[in-house]
Amino acid sequence: MTKRITAAVVAASLGFFALGAAPAKADDPYWQCVTFARMFSGINIFGDAWTWWSQAVNSLRTGHAPETGSVLVFRPEGRMSRGHVAVVSDILTDRVIRVTHANWGGSRGKVEENVTVVDVSGDGDWSQVKVWYNPISDLGSTVYPTYGFIYKNARDAFSGARETGASGQP
């Protein structure tokens, strides 16, 4: 419980430093999360965000701990029916990271940099997160389920502790 409270306090403090989307201009591109994540991370997976996990399991390293440059894959749920992907831009603690992502909440079609994400899962495995939400200048109240992280390295190029099997389990 102390870790959760600490993570929430750190996230709230750090959220003030999160950069929001700039005001829109008529000629600004409209970014989808998958197009942006693919370009920003260099992970060449295509299709809806929720399909990235199953595509990555057999060809890339996947796991449940953030690494800078990895992609956090959100499960589809509610209004987020196609899931979401975000690129880890910084690791602040074992339960608080920053992501750079596109087309999220109050920033439809825009890129948000260094957005605070907090692991609120009971096991500290990043299976449930809260995301900083600029319109309210705070962590949102919604808990989002995730699959985990996709790392850029090919599966057969690495046999580390974070590697998982086809089922997504270590």
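Quick note: structure is the one above.
Quick summary incoming for the structure in this document. What you see is a predicted model, and the numbers here were worked out from it, not measured in a lab.

**What about the layout of surface pockets?**
Then, in step 1: Within this model, the largest pocket holds a volume of roughly 690 Å³.
Then, in step 2: In terms of lining residues, the largest pocket is bounded by 25 residues, among which Arg79, Met80, Asn103, Trp104 and Arg108 are the most central.
Then, in step 3: The dominant element in the lining of the largest pocket, judged by the number of residues it contributes, is strand E6 (residues 128–133), at three residues.
Then, in step 4: Looking at the lining of the largest pocket residue by residue, the classes come out as ten nonpolar, ten polar and five charged.

**With respect to the pattern of salt bridges**
As a working rule, side chains carrying opposite charge can pair if their charged atoms are close by.
Then, in step 1: Counted under the stated rule, the structure contains two salt bridges.
Then, in step 2: With a closest N to O distance of 3.0 Å, Glu67 and Arg61 form a salt bridge.
Then, in step 3: Close ionic contact of Asp119 with Arg95 constitutes a salt bridge, the shortest N to O distance being 3.8 Å. Here Arg95 lies in the loop between strand E3 (84–91) and strand E4 (96–104) and Asp119 lies in strand E5 (residues 107–119), a separation of 24 residues in the sequence. Accessibility classification places Asp119 together with Arg95 in one group, the buried group.

What counts and how
Note on numbering: residues in each chain are counted from 1, in written sequence order. Totals for whole chains, interfaces and linings use all residues, but because this is a predicted model, local features are given only for residues with pLDDT of at least 70 and pairs of side-chain atoms are given and counted only at 80 or more. The side-chain numbers reported here are obtained from all heavy atoms of the structure, hydrogens and water having been left aside. The distinction between a cavity and a pocket rests on a 1 Å grid over the protein atoms alone: a 1.4 Å probe fits inside a cavity but cannot get out, while a pocket stays open yet meets protein on both sides within 12 Å along at least five of seven lines, and a residue with an atom within 4 Å of a point counts as lining. Grid points are joined across faces, edges and corners, and a volume is the space filled by probe spheres set on the points. For the purposes of this entry, the term helix denotes a DSSP run of H or I that reaches at least four residues, the term strand denotes a run of E that reaches at least two, and both are numbered from the N terminus. Under the scheme applied here, ten amino acids are nonpolar (Ala, Val, Leu, Ile, Met, Phe, Trp, Tyr, Cys and Pro), four are charged (Asp, Glu, Lys and Arg), and all others, including Gly, are polar. Salt bridge, as applied in this entry: a Lys or Arg side-chain nitrogen positioned within 4 Å of an Asp or Glu carboxyl oxygen. Note on classification: 1.4 Å probe, protein chains only; a residue is buried when its accessible area is under 20% of the maximum for its type, exposed when over 50%, partly exposed between these limits.

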